[in-house]
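Chain by chain, the residues:
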Amino acid sequence: MQEFDPQVLNEKPIAPPPEFQRRARIRSLDEYGKLYERAKNDPEGFWGEQAKMLDWFEPPKKILEWDVPHAKWFIGGKLNVSYNCLDRHLATNGKKVALHWEGEDGKRVRLTYAEMHERVCRFANALLGLGVKTGDCVAVYMPMIPELPIALLACARIGAIHSVIFGGFSAIALIDRIGDAKSKILITADGGYRRGHVVPLKETADKAVESCPTIEKMIVVKRTGEEVAWTQGRDLWWHELEQKASPHCPAPSFDSEQPLYILYTSGTTGKPKGVLHTTAGYLLGAMYTTQLVFDLRDDDVYWCTADVGWVTGHSYLVYGPLANCTTCVMYEGAPDFPKKDRFWEIIERYKVSIFYSSATAVRAFMAWGNDWVTKHDLSSVRLLGTVGEPINPAAWKWYFDVVGQKRCPIVDTWWQTETGAIMISPLPGATPTKPGSATLPLPGVITRVVTMQGESVAPGETGYLIIEKPWPSMLRTIFGDDERFKRDYWSRIPGVYFTGDAAQCDADGYIWVLGRVDDVIKVAGHRLSSMEIESALVSHPSVAEAAVVARPDEIKGEAIVCFVTLRSGHSHSAALQTALIEHVAVTIGSIARPSEVRFADLLPKTRSGKIMRRLLRELAEKGGVSGDVTTLEDMGVIQKLASAKALDEE
Ligand code: WTA
């Protein structure tokens, strides 16, 4: 959890830069307040009106059916997501650039809306030709290449449910996720580029599919041209399918609540959960927030650096901006390849006006030094954003001063895979900002910071962040596990949505999100679960028991620290530490690579056998523990763990 100086709470807010404010959609806190109140007093009227920004084949008959915790939005409405993102723009904006894509190796592709539409239609026909039907699940395991948004929009076009699995996940992680969703098709590439190396996605996919009986076909994009193994009858080249397919593909109408995608994310248990989003509400949430939070204009060049493997890439690289007919930039690789100014070079090349990235990226840029930034012409940028984790005030100020040159507002956007779209954020022309705070909820979003009994906490006190009312882009369930959906989100504090985050409200009603209260870890903004890493560790033959906690990390926000007790016959060694780190990386993926493995003879437990993570967290961070240890089973354990650290350091 973020710890900040209470002084920060008393800092004077930074008013929106006047030049920005003058041209903004919403220009004052007063205007924001009116919109917020209107939405609060008549949510269905408000959302019904917003929904007019979508193109409907049949308008909804009813706005909301709310049977806690199950929501149905825009009942009776019929639409097509791909039509909303592409077809409806063609008459007036067919020649407008939809995507400026840049490969890490320097390759560039530019797609207009008309070209993107044609490619989506062709690929949708290819999927239909393979027998993909409405409601079938298509797994997507791809690098950040143009075929990735094309694949998503093609699935949406024909009513197939996509399940994107981040390219940094391992074969084992793929097996779990493909198996859970019973995906029939897997779309991948021969490889992708990351820091000059080829990431062999097809090789990993091949390994996974050996244990995925539901997969009938694997579609492979030729990205690197490296030789790959080929299974005749199962594997198909994307470019061959696309060439053969017709460029005409009607966009059928789907029900508002037709499932659009599943995205697996980490929760408290070891099993990842498939967050299910549906059609109309999700698309509206993505479109509405992109417009409002990024203060979109027709001539913007918008760059969200997130990977489509995470929800930010879904909502703010694909659906939100394309529904708004925005020109997007997409980049395949690492920010420091070939040099540490790759991002700034890209901004200069495409004249990016809106730049949305993670707090981890901002902290890394800050550590690399100002020169990389200032040697580029960033005068096209007018707005900056961050997402994924709390941003510390020092990084915020650096972003504002050095990247934004004090000219660009920063939108610190709080949301989750489950919320589908941004929930708390400044409106850049209206909301005075306070570095480190996501500020105020968007119109239509009702949040509160409460005790476990659901009572509001006083300003400056820490509580749980909840969302009180349903919103259109909310998750509908956990795929295949509605009980878990109810338990995780709706029963801790009955009837309201439990975010899993701790927060404070200050005297101005500004929200300061402090971090997770559960066992979710955020490493470089990537969401991981302690339990998932613990299960990976105990699957190693030397490990008897493991406990995983996060410790604060200056760049990545949090780093993974593992406490491990070994089975008899195994002894502590540096080689085993390295082997365990590698084992986690192979089991889950390189994103879960622990920063540290510590050996312990015993783990601290309560009398009922629960591992005391609080103590381990303190130990990982400070090397010792303070506070209440009265329920600890064996006080000596802490002493031993602390001295184990000393041993490691010797
Ligand atoms: C954290 C990412 C502070 C939070 C879109 C949340 C943030 C989790 C912020 C969801 C922010 C996201 N300030 N914390 N602006 N944005 N978080 O599902 O803990 O990958 O619960 O969605 O990220 O992570 P997820």
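Model, not experiment: these values are computed from the prediction. (Residues numbered from 1 in each chain as written. Predicted model: local features only at pLDDT ≥ 70, side-chain atom pairs only at ≥ 80, totals over all residues. Heavy atoms only, no water.)

## A look at the overall build of the protein
Scanning the protein from terminus to terminus reveals 21 helices and 30 strands. Computed over C-alpha atoms, the radius of gyration of the protein comes to 24 Å, within 12% of the 26 Å expected from 2.2 N^0.38 for 650 residues, which places it in the range of a compact globule. Once the C-alpha set of the protein is aligned to its principal axes, its extents read approximately 75 × 65 × 55 Å. A burial count over the protein gives 61% of its 650 residues as buried. Sequence-distant contacts in the protein: of pairs separated by 6 or more residues, those separated by 24 or more amount to 71%. Entry remark: accessible area of the protein is about 24,600 Å², with carbon and sulfur atoms responsible for 52%. Across the protein, the 74 positively charged side chains and the 81 negatively charged ones have centroids separated by 3 Å. (Helix = DSSP H or I, 4+ residues; strand = E, 2+ residues; numbered from the N terminus. Rg over C-alpha atoms; globule rule 2.2 N^0.38 Å. Buried < 20%, exposed > 50% of the residue type's maximum accessible area, 1.4 Å probe, protein only. Contact = heavy atoms within 4.5 Å. Areas by Shrake-Rupley, 256 points an atom, 1.4 Å probe, with all protein chains shown as cover. Lys, Arg positive; Asp, Glu negative; His and termini not counted. Charge placed at Lys NZ, Arg CZ, Asp CG, Glu CD.)

## Side note on the sheet that holds strand β15 (residues 273–278)
Pairing is mixed across the open sheet formed by eight strands, whose spatial order is β12-β11-β8-β6-β7-β14-β15-β23. Across the chains shown, the open sheet's two edge strands, defined by having one partner strand only, are β12 (235–237) and β23 (477–478). Here strand β6 (residues 137–140) runs beside strand β7 (residues 161–164); their pairing, made up of four bridges, is parallel. Paired with A139 across the strands is S163, a residue of β7. Against the sheet, helix α8 (residues 171–181) makes contact with β6, β8 (185–189) and β14 (259–265), and its axis sits at roughly 145 degrees relative to β14, the strand it touches most. (Pairing = 2+ DSSP bridges. Axes fitted to C-alpha atoms, helices over the stretch in contact; angles between N-to-C directions.)

## Focus: unusual backbone geometry
Looking along the chain, the bond that leaves V68 and enters P69 is cis, with omega of 0 degrees. With respect to the helices and strands, P69 occurs in the loop between β1 (62–67) and β2 (70–75). Looking along the chain, the bond that leaves F337 and enters P338 is cis, with omega of -5 degrees. Looking at the element boundaries, P338 is found in the loop between β17 (327–331) and α13 (342–350). Non-glycine residue K182 carries a positive phi angle of around 50 degrees. Take K182: it is sitting in the loop between α8 and β8. Judged by relative accessible area, which is 58%, K182 ranks as exposed. For K351, which is not glycine, the phi dihedral falls at a positive 55 degrees. Position of K351 among the secondary structure elements: in the loop between α13 and β18 (354–358).

## Comments concerning the domain arrangement of the protein
Domain annotation for the protein reports domain 1 (81–96 + 111–252) and domain 2 (524–649). If you average the C-alpha positions of domain 1 and of domain 2, the two centres end up 38 Å apart. If you look at the interface, domain 1 gives seven residues, while domain 2 gives nine residues. Together domain 1 and domain 2 conceal approximately 520 Å² of surface at their shared face, both sides included; 59% is due to carbon and sulfur atoms. Joining domain 1 to domain 2, the criterion identifies one salt bridge. (Domains from an automatic or database assignment. Buried area = accessible area lost by both parts, 1.4 Å probe. Salt bridge = Lys/Arg side-chain N within 4 Å of Asp/Glu carboxyl O.)

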